[in-house]
Amino acid sequence: MEQSVLAVFVVFLSFSSHCCSSQTYILNDKDGLGRVFDGIGGLSGGGATSRLLVNYAEPYRSQILDYLFKPNFGASLHILKVEIGGDAQTTDGTEPSHMHYENDENYFRGYEWWLMKEAKKRNPNITLIGLPWAFPGWVGHGKNWPYDFPDITAAYVVNWILGAKQYHDLDIEYIGIWNERNFDSKYIKVLRNTLDKVGLTDVGIIAADGDWSIANSIIVDPYLNDAVDVIGAHYPGTNTVIEALKTQKKLWSSEDYSTFNDEVGGGCWARILNQNYVNGLMTATISWNLVASYYEELPFGRDGLMTAQEPWSGNYVVESPIWITAHTTQFTQPGWTYLQTVGHLVQGGSYVALTDGNGNLTVVIETMTHDHSVCIRPPLPHFNVTSQNATFQLKGSFASIKELQVWRSQFNFKTKKPSSFFEKLTPLKLSDGSFTLNLAEDEVYTLTTITAGQKGSYPEPPASARFPKVYKDDFDVRNPAFSEAPDFADQTGVFEYYINLTDPGPHVFTLRQVLTERPVTWVADADQTISVIGDYQWQNLTVSCDVFMEKVKTGGVFVAARVDKGGQSVRSAKGVFFWVFADGTYKVTNDLAGQTVLAEGQSGTRAYGWHTLSLTVKGQYASGLLNGYPLWKKAVVLNPKNGWAAIGTHSYELAQFDNFAVEAEK
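All of these numbers come straight from a predicted model, not from anything done at the bench.

## Focus: the nonpolar core
Stage number 1. One finds Phe69, Leu80, Ile175 and Leu191 to be the most contacted residues of the largest nonpolar core, which totals 102 residues.
Stage number 2. Listed in part, the 76 residues of the second largest apolar core include Trp288, Val557, Val576 and Ala664.

## What about the pairing of strand β11 (residues 307-310)?
Stage number 1. Pairing of β11 with strand β12 (residues 315-317), which is carried by 2 bridges, proceeds in the antiparallel orientation. Note on β12: the bridge partner recorded for Glu310 is Asn315.
Stage number 2. What sits between the antiparallel neighbours β11 and β12 is a turn of 4 residues, in which Gly314 has the positive phi angle 90°.

## A word on the pairing of strand β25 (residues 509-513)
Stage number 1. The buried fraction of β25 is high, at 5 of 5 residues.
Stage number 2. The two faces of β25 match: Phe509, Leu511 and Gln513 on one face and Thr510 and Arg512 on the other face are all buried.
Stage number 3. Both strand β24 (residues 495-499) and β25 contribute to a ladder of 5 bridges, which runs antiparallel. Among the inter-strand pairings, Tyr497 is bridged to a residue of β25, identified as Leu511.
Stage number 4. Where β25 and strand β36 (residues 655-664) come together, 3 bridges link them in antiparallel fashion. Along β36, the bridge assignment pairs Arg512 with Gln656.

## Side note on the pattern of salt bridges
Stage number 1. The full count for this structure, using the stated rule, is 24 salt bridges.
Stage number 2. Close ionic contact of Asp229 with Arg192 constitutes a salt bridge, the shortest N to O distance being 3.8 Å. With Asp229 in the loop between α8 (222-227) and β8 (230-234) and Arg192 in helix α6 (residues 185-197), the pair connects residues that are 37 residues apart, well separated along the chain.
Stage number 3. We classify Asp229 as partly exposed; its relative accessible area is 33%.
Stage number 4. One salt bridge connects Arg512 with Glu550, and the closest N-O pair in it is separated by 2.7 Å. With Arg512 in strand β25 and Glu550 in the loop between β27 (541-549) and β28 (556-563), this pair connects stretches of sequence that are 38 residues apart. Of the two residues, Arg512 and Glu550, neither departs from the other in class, the shared state being buried.
Stage number 5. Residues joined by salt bridges that share partners form a network here, namely Asp66, Glu118, Lys121 and Arg122.

The rules behind these values
Residues numbered from 1 in each chain as written. Predicted model: local features only at pLDDT ≥ 70, side-chain atom pairs only at ≥ 80, totals over all residues. Heavy atoms only, no water. Core = buried A, V, L, I, M, F, W, Y, C linked by side-chain atoms within 4.5 Å. Buried < 20%, exposed > 50% of the residue type's maximum accessible area, 1.4 Å probe, protein only. Pairing = 2+ DSSP bridges. Helix = DSSP H or I, 4+ residues; strand = E, 2+ residues; numbered from the N terminus. Salt bridge = Lys/Arg side-chain N within 4 Å of Asp/Glu carboxyl O.

Right, dumping it as structure tokens:
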């Protein structure tokens, strides 16, 4: 099968050096079909990429979800892949684990459970996938490596799958095994056995959910071959390797895209959705990320299918990748089959064709030029695309088709006219099973027998607005819908709503940092914990918060302003950090690591007592109040000039926060 597909590539590519007014392409199922299509999806997590989505008010939150998941409306995604939170920084933030500690289980933390249920509510047939990017520290038994004790790691992952079903009635269909360094074949086999022992025989394993290197091991190891259902690669550049093909496994681009979602990003997505199969025989492509719902100044800002990063205003933007996705998802379903007759167009671009086996046919054509379809990774070799006439001849069981619905997207990079996306054109009447298209550069066409497509829409959301300059949160929430406080974005550590039953006073409901050991992580997490909030452009502001240390003698907490980094770069964050410690001292530093000291001295602070910190930064000077009285003033701050507000702790330690407030000038 693969050889016949590759043969088609060679035939079509052989014309690439010739100028021709038209070329005929055959769409035929007479000699059999290609691989089974598994769907197109989005990825929430890896990490904390949907963090701000949950804080949107209705109806805007439901509208965003409809654009992502509702069939025949927007992206109409077939697959939702989520992070199994591991308490660690995994790109843009931390996501809480269902097991912070070995004797702790809670299947209501975070927002991925909610997101999966919302997706399932809209599309009951959506495929759900879980993947851990990181693990709580106890899984590694003191090492920054999760696979030395495979039974423990497997039980941890299987508990998450069981919890999804028991508490949320969610059936996880695949579980990923991802590792930036290498895969662990012993762990994969242990995981397969653990799944089978608890009756989860239908849960498939995607490995190594990173690159194609596992293929060689699958070929020579029958037990590993039996354990793995899908070989998943990240950012494969539309190419696979011969060893992966030899395994005869499903091949997926299990993480792809990761590109700024302007129109070039839309072009990237259009090209790889087709060419992942044309070049690499990959039958599923999953976008990192699903929706850009995190502060844009964090790493990889706006690298989602759409943008929803302002819950405070209600503004969101339906970007071009949503409609590019619809070109395939609204007219196919997992279980359809690619034709063998797919390939490249003579003057550049590509086409795929899929059928449901019951007479329906969908053809997707893209003519994205090189410079208008560059993805963030890997590097894209040069190629040429020019306008062309393309004739498609339907044969086999499709020869009798008389009409095809037509949907078109045009990226107008070369003109000042606005681009048009997912536009329904007049249906094509076929003569003798043939039709001809005049294909311009940077276009996407869908031609299909399916008539149910729709470009869904809602009234314009509210206008974009900056984060409020005056913001307060007393964390007084008795039955929180989510474990995180609105708009706080944990960058190291996990900050959760907490009921302090030992305090009969005003601090019963607080926010608590709950981790006491460093997680197993592939990112350079900070040694301190930190959660950021607000407007990255803030310069002059006052941040105040009540703080409560729970670590005697060595404990410490801070409030901060002008924090300039988060995500994978959080370890090197600069800003103005006002610390107090349980040994009765304070310190003001220009960095999260605490190396550049601006002021220090005695504070009289101790653990197990509430203190109020207030930090004011204006121009080049900062000052601080402790319990309403000046503690230090006029510390000189030259850089950074702006950044988020933040709270955090000196180490992985228990600490509580209450009555957080910000008042900013800009």
